[in-house]
Amino acid sequence: MKTPRAVKARAAWLLVATFLVAVAGLIYELIAATLSSYLLGDSVRQFSLVIGVFLSAMGVGAWLSRFVTDAFSGFVWAQILLGIVGGFMAPGLFLNYAWMGQVALPLYAALISIGILSGMEIPLIARVLEQIGALKFRFENVLSVDYIGALVASLAFPLLVIPHLGLMSASLTFGALNLAVAGLSLLAFRDWATRGQVAVWVLAFTATLGALWQSERLVSITEAELFEDDIVLSEATPYQQITVTRYRDRVRLFLNHSIQFDSLDEHRYHEPLVHPAMALAPRRGNVLILGGGDGMAAREVLRYGDVQAVTLVDLDPRVTELFRDHPELSSLNDTALRDPRVTIVNDDAWKFLERDTRLYDVIIIDLPDPKSIALSRLYTRQFYGLLAERLSGQGVFATQAGSPFFARQAFWSVVETLEASRNPQRPGQGMYAVPYHSYVPSFGEWGFVLAGIEPFRDRRITMPEGLSYLDDDVWQAAQVFGADTDRIEAEPNTLQSHALIGYYLDGWDYWFR
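All of these numbers come straight from a predicted model, not from anything done at the bench.

(A) Summary view of the overall build of the protein chain. In terms of helices and strands, the protein chain carries 19 helices and 11 strands. In terms of overall dimensions, the protein chain has C-alpha extents of about 95 × 50 × 45 Å along its principal axes. Out of the 513 residues belonging to the protein chain, those deemed buried represent 56%. By element, 58% of the accessible surface of the protein chain is carried by carbon and sulfur atoms, the whole surface being about 22,300 Å². Of the side-chain charges in the protein chain, 40 are positive and 53 negative, and the distance between the mean point of each set is 8 Å.

(B) The arrangement of the side chain of Glu266 in detail. In this fold, Glu266 is placed in the loop between β4 (258-262) and α10 (267-280). On the accessibility criterion, Glu266 (8% relative accessible area) is buried. Polar contacts involving the side chain of Glu266 include one to the side chain of Arg299, which spans 2.9 Å. In contact with Glu266, other than residues within four places in its own chain, are Phe261, Met296 and Arg299.

(C) Inspection of a nonpolar patch on the surface at higher detail. The grouping of Leu151, Leu155, Leu159 and Leu160 at the surface amounts to a nonpolar patch, some 420 Å² of accessible area in total. Here Leu159 is to be found in helix α6 (residues 139-164). The class of Leu159 is exposed, set by a relative accessible area of 60%.

(D) View of helix α5 (residues 104-131). Taking 1.5 Å per residue, 28 residues should reach 40 Å; α5 reaches 41 Å between its end C-alpha atoms and fits that length. Along α5, the largest kink reaches about 25 degrees and is centred on Glu121; proline Pro123 follows within four residues of it. At the exit of α5 stands Gly133, carrying a positive phi of roughly 80 degrees.

(E) Structural detail: the pattern of salt bridges. According to the stated counting rule, one finds 19 salt bridges in the structure shown. Here Glu300 ties to Arg299 by a salt bridge, and the two come within 2.8 Å at their closest N and O atoms. Across the pair Arg487 and Glu416 runs a salt bridge whose closest N-O atoms are separated by 3.3 Å. You can see Arg487 sitting in the loop between α18 (472-478) and α19 (499-512) and its partner Glu416 sitting in helix α17 (residues 408-420), a full 71 residues away along the chain. Where salt bridges share partners, they join Glu266, Arg299, Glu300 and Arg303 into one cluster.

(F) Focus on the sheet that holds β4. If you walk across this open sheet you meet the four strands as β1-β2-β3-β4, and the pairing is antiparallel. Strands with a single pairing partner mark the edges of an open sheet, and in this sheet they are β1 (230-236) and β4. Each neighbouring strand pair of the sheet contributes to a mean axis angle of 20 degrees, computed without reference to strand direction. Bridge count between strand β3 (residues 250-255) and β4: four bridges; the pairing is antiparallel. Following the sheet pairing, Leu253 is matched in β4 by Phe261. Helix-sheet contacts for helix α12 (residues 317-325) involve β1, β2 (241-247), β3 and β4, and the interaxial angle to β2 is about 30 degrees.

(G) Molecular detail of the pairing of strand β6 (residues 309-313). By the criterion of burial, β6 is predominantly enclosed, with four of the five residues buried. The parallel pair strand β5 (residues 286-291) and β6, bridged by helix α11 (residues 296-301), forms a crossover whose chirality is right-handed. Both β6 and strand β7 (residues 342-345) contribute to a ladder of four bridges, which runs parallel. Bridge assignment links Val313 to a residue of β7, and that residue is Val345.

(H) Representation of the nonpolar core within the structure. Ranked by internal contacts, the top residues of the largest apolar core, which has 96 residues, are Ile364, Tyr384, Phe397 and Leu450. Leaving out residues up to four positions away in the same chain, Leu450 has contacts with Pro276, Ala277, Leu280, Val396, Phe397, Ala398, Tyr432, Ala433, Val434, Tyr436, Phe456 and Trp475. Judged by nonpolar contacts, the second largest core, of 35 residues, contains Leu35, Ala110, Ala156 and Ile162.

(I) Layout of the packing of α17 against α19. Two elements in contact, α17 and α19, have axes whose closest approach is 7 Å; the angle formed by their N-to-C orientations is 150 degrees. Our classification of the angle between α17 and α19 gives roughly antiparallel. Between α17 and α19, the residues in contact are Gln409, Ala410, Ser413 and Val414 and Leu500, Tyr503 and Tyr504, respectively. Per-class residue counts for the contact of α17 with α19 are five nonpolar, two polar and no charged.

Definitions and limits used
Residues numbered from 1 in each chain as written. Predicted model: local features only at pLDDT ≥ 70, side-chain atom pairs only at ≥ 80, totals over all residues. Heavy atoms only, no water. Helix = DSSP H or I, 4+ residues; strand = E, 2+ residues; numbered from the N terminus. Buried < 20%, exposed > 50% of the residue type's maximum accessible area, 1.4 Å probe, protein only. Areas by Shrake-Rupley, 256 points an atom, 1.4 Å probe, with all protein chains shown as cover. Lys, Arg positive; Asp, Glu negative; His and termini not counted. Charge placed at Lys NZ, Arg CZ, Asp CG, Glu CD. Polar contact = N/O pair within 3.5 Å; in protein donor to acceptor, adjacent residues only side chain to side chain. Contact = heavy atoms within 4.5 Å. Patch = residues over 30% accessible without salt bridge, like charges linked within 9 Å, V, L, I, M, F, W, Y side chains within 5 Å. Salt bridge = Lys/Arg side-chain N within 4 Å of Asp/Glu carboxyl O. Expected span 1.5 Å × (residues − 1). Bend = angle between axes of the 7 residues up to and from the residue. Pairing = 2+ DSSP bridges. Axes fitted to C-alpha atoms, helices over the stretch in contact; angles between N-to-C directions. Right-handed = clockwise from strand over helix to strand, strands pointing away. Core = buried A, V, L, I, M, F, W, Y, C linked by side-chain atoms within 4.5 Å. Parallel < 35°, antiparallel > 145°, perpendicular 65-115°, else oblique. Nonpolar A, V, L, I, M, F, W, Y, C, P; charged D, E, K, R; others polar.

This is the structure we're talking about:
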């Protein structure tokens, strides 16, 4: 018979365990959602699927817990299995993706397993509390501690876990946490523990700590398989995974494992993005760049001697810091981000435009593709209307608009959206848009749209000296589309419809899935 003090100590430990397993469970869910958005794309869809599947699996686990005859033994085994499956989830998925190219099936298999095991925890803990006679520790107390743990995990994940651990180490760390809960539970209830449980726990905990100790090597092995070239830099930020690779003089940037530029051909992207707008603008004194944290667009803008000020707005401060301060990376943009005329603002593009009251002669939009609602909103009529209010009287802006070949309907949806967006100088009319394209070997056929609140009367332009690709003849040809890329019917993109996401995903899925 245990003394009241011993019962109280055990009950207190079970509430602490509830908090810890709640933190670990939600961290696994967030890791799975982040991994699926990194590797499968469309963060909104993936987060929604992960949350739905995880919660459903928890419901199944809660129901299955009634068939566990020994509540304490069931809880310990659940923690050991969670430590193994959850801890090795990220390393296993990354390695599987690198070697087999498969992620969806193993990811959701791991997610369902973790969800079922997590769903069993609270009912089993409540039964153990009842068995030890902890009558004053009511079931609602267990639930309250569980919810507090979930809150702590949701705050810690973007602020601490990802910036300081990364996905692979985070998965192993919280796997070790589940195993630590199992080990301490075996210690606290040592008269209930079995030798088999202790032996399996020792093996699992040793393997997890060993993998955690070798996590940097695991990351290196995975990235060596995922990327063709040597890894110069790999870093997780609260916003994305940054990877820079190099082969001889060739440098490539990947964000969330998607290529952003290749130093061999990036000029075929950045020159068409920047120079038509800069050359057609009557004035170029004040320029705004949205996105473009790598500084390549800023480099092209600064070729014009009459540019007085450039404001570059990019969400991730680590990207702009790297391309401003890293010697090898800053050389790619000719140290443009250190130019005294350039002001860097790390902020969301929409929020910046809402607060900003300045007018700009040229606006360059170098934002990621609209593969999620968070990005699609930056391609809507409402956003372009806000953008038009920041243009000077004869101002010009240009945006990257995806591939008119691989995602044809998405490209023409961007054009439709611009033409349907509010023109502040011509009430009742939309803006004037000029679509054009360029072949970039790293991306394929790529599209851009030039837009303004006044029509472009003369489309012949004079380029600055020193360009590697673009001249007036190339510019004229860029405005001609072939039969397989020419304009087709597409709806404009709005905050209500987000038609662009469907067009974008359907287009790329048709070619590559």
